[in-house]
Amino acid sequence: MKKNDIIENIQIEKLVFWGKGFVRLENGKICFITGWAIPWSRVNLRIIKKKKDFLEAQITQVLEKSSIETWNHEMIPWAPWVNIDYNEQLDIKQKQIEEALFHLKKYQNEILLLPIVGMENTFWYRNKIEFSFGKYISHREEIFQDFNIWFHKRGDFSRVLDFSECFLIDNEQNAIYQRVREYTKQSWLPVYDQKIWTGFWRHFMVRRMYFSGETLLVFSINPIFFENEKIKHDALKELKEFINHLITQFPTIRSVYISHNTHKADILIWDMELIYGTETIEEILLWYRFNIGPKSFFQTNSVWAEALYTLVKKFSIRDSWKKKLWTVLDLYAGTGTIGMIFSSIADKVISVELVEEASGNGKDNAEKNGIHNMEFINAKVEDFLEDYLERWQKADLLIIDPPRAGMHPKALPNILKFWTKQIIYVSCNPATLWRDLEYILANSEYHIEKVQAVDMFPHTHHIETIVSLVKK
Ligand SMILES: C[S@@+](CC[C@H](N)C(=O)[O-])C[C@H]1O[C@@H](n2cnc3c(N)ncnc32)[C@H](O)[C@@H]1O
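Residues numbered from 1 in each chain as written. Predicted model: local features only at pLDDT ≥ 70, side-chain atom pairs only at ≥ 80, totals over all residues.

K.L.:
What is the right way to look at the overall build of the protein in this model?
P.N.:
The helix and strand inventory of the protein stands at 9 helices and 23 strands. What you see for the protein is a C-alpha radius of gyration of 24 Å, in line with the 23 Å of a compact globule of 472 residues. Along the first, second and third principal axes, the C-alpha atoms of the protein reach 70 × 60 × 40 Å. Of all 472 residues assigned to the protein, the portion counted as buried reaches 39%. In the protein, 62% of the contacts between residues at least 6 apart in sequence involve partners at least 24 apart. (Helix = DSSP H or I, 4+ residues; strand = E, 2+ residues; numbered from the N terminus. Rg over C-alpha atoms; globule rule 2.2 N^0.38 Å. Buried ≥ 20, exposed ≤ 12 C-beta atoms within 10 Å, placed from the backbone. Contact = placed C-beta atoms within 7 Å.)

K.L.:
Looking at this structure, I do not really get the sheet that holds strand β21 (residues 422-427). What am I missing?
P.N.:
In sheet architecture, strand pairing relies on hydrogen bonds along the backbone and comes in two forms, parallel and antiparallel. Spatial strand order, β19-β18-β17-β20-β21-β23-β22: 7 strands in an open sheet with mixed pairing. A single partner strand is all that each edge strand has here, and the edge strands are β19 (374-378) and β22 (446-454). Each neighbouring strand pair of the sheet contributes to a mean axis angle of 15°, computed without reference to strand direction. Relative to strand β18 (residues 346-353), strand β17 (residues 325-331) runs parallel, the two sharing 6 bridges. In the sheet register, Leu 329 faces β18, and the bridge partner there is Ile 350. (Pairing = 2+ DSSP bridges. Axes fitted to C-alpha atoms, helices over the stretch in contact; angles between N-to-C directions.)

K.L.:
Any chance you could explain unusual backbone geometry here in plain terms?
P.N.:
Apart from glycine, the bulk of residues carry a negative phi angle, and the bulk of peptide bonds sit in the trans form. Here the phi dihedral of Trp 197 falls at roughly 55°; this positive angle occurs in a residue that is not glycine. Here Trp 197 falls in the exposed class, since 12 other C-beta atoms lie within 10 Å of it. One non-glycine residue with positive phi stands out, namely Tyr 332, at about 60°. Examined against the element boundaries, Tyr 332 turns out to sit in the loop between β17 and α5 (337-342).

K.L.:
Could you clarify how one ought to interpret the environment of Phe 157 in this entry?
P.N.:
Along the polypeptide, Phe 157 turns up in strand β10 (residues 156-160). A tally of 12 C-beta atoms within 10 Å means that Phe 157 is categorised as exposed. Note: C-alpha distance between Phe 157 and Gly 339 (182 residues apart in sequence) is 36 Å. Among residues more than four places away in sequence, those in contact with Phe 157 are His 152, Gln 194 and Asp 266.

K.L.:
Got a minute to help me understand the site of the ligand in this structure?
P.N.:
The immediate surroundings of the ligand are formed by 20 residues, with Tyr 332, Gly 334, Leu 354, Val 381 and Asp 401 found nearest. The residue makeup of the shell around the ligand, split by class, is 12 nonpolar, 4 polar and 4 charged. (Near = placed C-beta within 6 Å. Nonpolar A, V, L, I, M, F, W, Y, C, P; charged D, E, K, R; others polar.)

K.L.:
Is there a simple way to think about the domain arrangement of the protein in this case?
P.N.:
One can read the domain layout of the protein as domain 1 (6-67), domain 2 (89-121 + 301-471) and domain 3 (128-285). Using only C-alpha atoms to locate each centre, domain 1 and domain 2 end up separated by 34 Å. Between domain 1 and domain 2, the residue contacts involve 6 residues of the former and 5 residues of the latter. A breakdown of the residues in the side of domain 1 that touches domain 2 according to their chemical character gives 5 nonpolar, 1 polar and no charged. (Domains from an automatic or database assignment.)

K.L.:
Help me understand the sheet that holds strand β1 (residues 6-11) in this model?
P.N.:
In spatial order, the strands read β1-β5-β6-β4-β3-β2; together these 6 strands make up an open sheet with mixed pairing. A strand with exactly one partner marks an edge of an open sheet, and here the two such strands are β1 and β2 (14-15). Pairing analysis gives 4 bridges linking β1 to strand β5 (residues 42-50), with the strands arranged antiparallel. Directly across from Ile 6, in β5, lies its bridge partner Arg 46.

K.L.:
I would appreciate a short explanation of the pairing of strand β13 (residues 253-260) in the present structure.
P.N.:
Walk down a regular strand and you will see the side chains alternate between the two sheet faces. β13 sits mainly inside the fold: 7 of its 8 residues count as buried. In the sheet, strand β12 (residues 215-221) pairs with β13 via 7 bridges, with the strands oriented parallel. Looking across to β13, one finds that Phe 219 is bridged to Ile 258. Running through helix α3 (residues 229-249), the crossover from β12 to the neighbouring parallel element β13 is right-handed. (Right-handed = clockwise from strand over helix to strand, strands pointing away.)

K.L.:
I tried to follow helix α6 (residues 356-368) on my own but got confused; where do I start?
P.N.:
Two residues of an α-helix separated by three or four positions point the same way, owing to the 3.6 residues in each turn. Spanning 13 residues, α6 covers 18 Å between terminal C-alpha atoms, matching the ideal 18 Å at 1.5 Å per step. Considered for burial, the residues of α6 that qualify are Ala 358, Ser 359, Asn 361, Gly 362, Asn 365 and Ala 366. Considered in projection along α6, the buried side chains sweep an arc of 160° and stay on one side of the axis. Facing away from the buried side of α6, by more than 90 degrees, are the exposed residues Glu 356 and Glu 367. Contacts from the buried residues of α6 go to β16 (288-292), α5, β18 and β19. (Expected span 1.5 Å × (residues − 1). Arc of directions from axis to C-beta.)

K.L.:
Quick question: what am I supposed to make of the packing of helix α1 (residues 86-102) against helix α9 (residues 430-443) here?
P.N.:
Packed helices, taken two at a time, are described by their axes: the angle between them and the distance between them. Contact pair α1 / α9: the axes reach a minimum separation of 9 Å and the direction vectors enclose 25°. Here α1 is positioned roughly parallel relative to α9, judged by the angle of their axes. Considering how the two elements wind past one another, α1 and α9 form a crossing that is right-handed. The residues of α9 that touch α1, namely those facing Gln 96, Ile 97 and Ala 100, are Pro 430, Leu 433 and Trp 434. (Parallel < 35°, antiparallel > 145°, perpendicular 65-115°, else oblique. Left-handed = near helix turned anticlockwise from the far one by under 90°.)

K.L.:
What is the right way to look at helix α7 (residues 381-390) in this model?
P.N.:
Within α7, the full set of buried residues consists of Val 381, Phe 384, Leu 385 and Tyr 388. Angularly, the buried residues of α7 cover 100° about the axis, an arc narrow enough to put them on a single face. For α7, the exposed residues set more than 90 degrees away from the buried face come down to Asp 387 and Glu 390. Looking at the buried residues of α7, the elements they touch are β17, β18, β19 and α8 (411-415). In the segment just after α7, Trp 392 is the residue with positive phi, at about 55°.

K.L.:
Would you explain the nonpolar core in this entry?
P.N.:
In globular proteins that are soluble, nonpolar side chains generally tend to be buried together. If you look at the biggest cluster of nonpolar residues, it comprises 115 residues, and the most contacted ones within it are Val 328, Leu 398 and Ile 399. Apart from residues no more than four positions distant in its own chain, Leu 398 is found in contact with Leu 329, Leu 331, Ile 415, Phe 418, Thr 420 and Ile 423. (Core = buried A, V, L, I, M, F, W, Y, C linked by C-beta atoms within 7 Å.)

K.L.:
Even after reading the chapter, I still don't get the environment of Ser 66, so can you show me in this structure?
P.N.:
Mapping Ser 66 onto the fold places it in the loop between β6 (54-64) and α1. Assessed through the 20 C-beta atoms surrounding it within 10 Å, Ser 66 is described here as buried. In this structure, the C-alpha to C-alpha distance between Ser 66 and Ala 37, residues 29 residues apart in sequence, is 9.8 Å. In contact with Ser 66, other than residues within four places in its own chain, are Ile 38, Pro 39, Trp 40 and Ser 41.

Okay, here's the thing in structure tokens:
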């Protein structure tokens, strides 16, 4: 078997990490399937990569739909699992965690895995969404659309699909999006073409907070599209007039930015100009108030962020003789949301975060909430730990919430040097979670007390998992 070979009539066995399909072929080779893989559907595949231990293939044709496909919605890049029955989605995610834990059996035979927590309402959950402007030109498919706004075709930044709504955001966000779509489509300005790096409209972002209802918008444009300053001035004036209309039509809008992006990189946030309202909007989680700007990291599902943080707090163990935890280290803290939630049950919380702006937002948010026992350190966790340990500083709870790549190899040995009774690891990637847990179990006295996944992103392959590790 070689690259570009077609394999016919394959039944996808299951989904593994990152939503890839999995099948063991007749010759025993493992094959990972990209595209819209759904367990038990029958498909034809084209091999796109051949490695020593496995093949990677793409679906070329679906021969028979899977029995777990209960809906027939057009495929959506942001919600690739939308056609899969929600209980089946939960089942797939629970099995993925089970499999990840299975690899740890040699260190710990019994691991308590609690049932995944699913959402009641699986739509309209996103408080932030970014739309792209672009074209979809495909000679093979005979598609020639030169003004589209919605999402990129999966894995293809130069092709943008066109659609008038998104069911992951609420009615107000959709209504704002539709108004912007109408306006930009009838404007004389073209979309940015990612292939030749010219055009005007680049992205549009809506952030609408679930609990406060406040809305922030960002229009991302290419300011060097114009031949002369006069035309540029007129175009921006027109856009600002449109924004004024929008604000009167949608009173929840508190803040509007224009992002002037002259760079080739497909990034929304660039040179930001606040053109209406306040610099930040507010969200309220578990009675804490958070200021959120266009660049701030904030969980995109407010309702389930509350559920996640509540569970993390519930997982924490406090000795009965201790009124409060002494020192909590909130590692990979973002804006310190988890740290803030622990501030009421700890003497001191130290939140460590790489992005300077996030640490700054965290500091402001702590102040806004009258929290005085938090310290925000803007540093890499791996560097912070070395420093902190050198100074013989102690902690009695570590909370670790790293990005998808997991923990830095330099940080892992250092977290084991603390005498903390408990580590709570929050993960958004089962593969790196398993890797880091393996290191911890193999090199320390910790064992896994319990594990629970939370489905913060229905209709996608993303899983958030909380693990409590306790010293034997
Ligand atoms: C999954 S987010 C967690 C945010 C936060 N705990 C929350 O719930 O809102 C991971 C965070 O780790 C930060 N980060 C990534 N690498 C880092 C590093 N080496 N040291 C410190 N922070 C890092 C990212 O900027 C991001 O804010």
